[in-house]
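Take a look at the letters that make up each chain.
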Amino acid sequence: MTIKELAAVMADDTTFTVLIGPDQEVVIGKEDKALMEALGDVLIDHAIVNTANRLCIYACVDLRRAMA
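Being a predicted model, the structure only gives us computed values, none of them experimental. (Residues numbered from 1 in each chain as written. Predicted model: local features only at pLDDT ≥ 70, side-chain atom pairs only at ≥ 80, totals over all residues. Heavy atoms only, no water.)

Here we look at the pattern of salt bridges
Then comes step 1: This model, assessed by the stated rule, comprises 2 salt bridges.
Then comes step 2: Of the charged contacts, one joins Asp12 and Lys30 as a salt bridge, the two residues approaching to 3.6 Å between their closest N and O atoms. Of this pair, Asp12 sits in the loop between helix H1 (3–9) and strand S1 (15–21) while Lys30 is found in the loop between strand S2 (24–29) and helix H2 (33–39), placing the two residues 18 residues apart along the sequence. (Salt bridge = Lys/Arg side-chain N within 4 Å of Asp/Glu carboxyl O. Helix = DSSP H or I, 4+ residues; strand = E, 2+ residues; numbered from the N terminus.)

Some thoughts on the nonpolar core
Then comes step 1: Ranked by size, the top nonpolar core spans 14 residues in total, and within it Ile3, Phe16, Val18, Ile28 and Ile57 carry the most contacts.
Then comes step 2: Sorting the residues of this core by element identifies H1, S1, H2 and strand S4 (54–59) as the ones contributing at least two each.
Then comes step 3: When sequence neighbours within four positions are dropped, the list of residues in contact with Ile57 reads Ile3, Leu6, Phe16, Thr17, Val18, Leu19, Ile44, His46 and Ala47. (Core = buried A, V, L, I, M, F, W, Y, C linked by side-chain atoms within 4.5 Å. Buried < 20%, exposed > 50% of the residue type's maximum accessible area, 1.4 Å probe, protein only. Contact = heavy atoms within 4.5 Å.)

Quick notes on the sheet that holds S4
Then comes step 1: Spatially, 4 strands are ordered S2-S1-S4-S3 in an open sheet, and the strand pairing comes out mixed. Looking at strand neighbours, the two that pair on one side only are S2 and strand S3 (44–51), the edges of this open sheet. Taken over all neighbouring pairs, the strand axes of this sheet differ in orientation by 25 degrees on average, direction set aside.
Then comes step 2: For S1 and S4, the ladder comprises 5 bridges, and the chain directions are parallel. Bridge pairing in S4 places Thr15 opposite Arg54. (Pairing = 2+ DSSP bridges. Axes fitted to C-alpha atoms, helices over the stretch in contact; angles between N-to-C directions.)

Some points on the side chain of Thr2
Then comes step 1: The topology assignment puts Thr2 in the segment before H1.
Then comes step 2: We classify Thr2 as buried; its relative accessible area is 12%.
Then comes step 3: Ignoring any residue separated from it by four or fewer positions in sequence, one finds Thr2 in contact with Gly40, Asp41, Val42, Leu43 and Ile44.

What to know about the confidence of the model for the protein
Then comes step 1: Scored by pLDDT, the protein has a mean of 83; 93% of the residues are at 70 or more.
Then comes step 2: Mean pLDDT in the protein bottoms out at helix H3 (residues 63–66), which sits at 66, and peaks at H1, which reaches 89. (pLDDT = per-residue confidence, 0-100.)

Describing the environment of Gly40
Then comes step 1: In this fold, Gly40 is placed in the loop between H2 and S3.
Then comes step 2: Residue Gly40 is classed as buried on the basis of its relative accessible area of 0%.
Then comes step 3: Separated by 24 residues in the primary sequence, Gly40 and Phe16 place their C-alpha atoms 11 Å from one another.
Then comes step 4: Leave out the neighbours within four places in its chain, and Gly40 touches Thr2, Ile3, Lys4 and Leu35.

Structure (structure tokens):
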């Protein structure tokens, strides 16, 4: 599943914390069109519910290397 596919089924007020490296993260919501476009096709390895409306997403690849 990709971030974009997950976003399509999540509530509008849900935000995603995408871990991009050790102690590095990006918080995005559905309204963040540019970030969703840039990260939307990233495959999710697993996701953990952080709070009621926030998911912590772990990608299948190291995003620091993939985006370089």
